[in-house]
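# Overview (structure and organization)
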Amino acid sequence: MLLNSKGKHRRPSKAVRVATLAGVTGAAIAAPLMGATGASAASVATWDAVAQCESGGNWSINTGNGYYGGLQFSQSSWAAAGGTQYAPRADLATKAQQIATAEKLLAMQGPGAWGCAGAGRLTNDGVDPGVDTGSTAQQNAPAQQSKQAAPKQAAPKPAERTEAPAASRADRGTAPKKTVTTPTGEKVAKGDGEYTVKSGDSLSKIAAQHKVKGGWQQLFKLNKDIVQDADLIYPGQQLHLTK
């Protein structure tokens, strides 16, 4: 599945998606989804294996736990990767459309976006699945029992790791509003915290490395004015580690 108990695209034992645009929760991305090629591509057989682990291979699954379709997209991940051009939610899209969207998410975040990447042997193997997003795919198989999700990795965008001076809560209200640009071209809040997000980071990873008391949940609370969805953080954002 794709994020919420650890770090926007996984369940407890699986990774999660990390990226909701500031002030626009679940907003659809207008840019057209381009077919993944080169290093950011995986075969249909590989996606089938990932789906078997994520959802029991049920491409139309919706158990009400906030994750949809065979590859268990969170709504924010589905929107961020352009899936809303096909359907409002992943479970309402065809298998081919879900795979096409997953290819875009793979290019953005890498295999770590799926907790079942290992079980499905998902890698950027460069094999274009060649799916037809206009075709109808069979959507059957038993549904896998839902689990709680955890925050996932930040989208891979070059970002320098710099330590910004800590700012008190009182100072934050007067700090200038700065933004960073996401891989999709959107602007999100940059923040003014002492830790700068780098590629591959997740809330759970940052909380663990810096021993944040209360884990990623506390880190999320400390940065509600910067991160609007625990599933989505971006390189360049500056997070507060303490009050």
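Preceding this section is the structure that the text describes.
Residues numbered from 1 in each chain as written. Predicted model: local features only at pLDDT ≥ 70, side-chain atom pairs only at ≥ 80, totals over all residues. Heavy atoms only, no water.

Its identity is not glycine, yet Gln72 carries a phi of approximately 50 degrees, on the positive side. Summarising the element assignment, Gln72 is placed in the loop between β1 (67-68) and β2 (73-74). In the Ramachandran plot, Lys211 falls in the positive-phi region, its phi being about 50 degrees despite a non-glycine side chain. Mapped onto the fold, Lys211 is located in the loop between α5 (203-209) and α6 (215-222). Owing to a relative accessible area of 71%, Lys211 belongs among the exposed residues under this scheme. (Helix = DSSP H or I, 4+ residues; strand = E, 2+ residues; numbered from the N terminus. Buried < 20%, exposed > 50% of the residue type's maximum accessible area, 1.4 Å probe, protein only.)

Another point: the environment of Ser204. Mapped onto the secondary structure, Ser204 falls in helix α5. Judged by relative accessible area, which is 24%, Ser204 ranks as partly exposed. Residues Ser204 and Ala230, 26 residues apart in the sequence, show an inter-C-alpha distance of 9.6 Å.

Quick look at α6 now. Every buried residue belonging to α6 is among Trp216, Leu219, Phe220 and Leu222, and all of these are buried. Along the axis of α6, the buried positions cluster into a sector of 160 degrees, meaning they face one direction only. (Arc of directions from axis to C-beta.)

Moving on, we get to the packing of aromatic side chains. How two aromatic rings sit relative to each other is set out by the distance from centre to centre and by the angle between their planes. Per the counting criterion, the structure on display carries two aromatic pairs. Centre to centre, the rings of Trp47 and Trp114 are 5.1 Å apart; their planes meet at 65 degrees, and the pair counts as edge-to-face. Placement of the pair is Trp47 in helix α1 (residues 44-55) and Trp114 in the loop between α3 (95-109) and α4 (169-172), with a sequence separation of 67 residues. Each member of the pair, Trp47 together with Trp114, is buried. Relative to Trp78, the ring of Phe73 lies with its centre 5.0 Å away and its plane at 70 degrees, an arrangement referred to as edge-to-face. Overall, Trp78 belongs to the buried group, its relative accessible area being 0%. (Phe/Tyr/Trp six-rings, centres within 6.5 Å; stacked < 30°, edge-to-face > 60°.)

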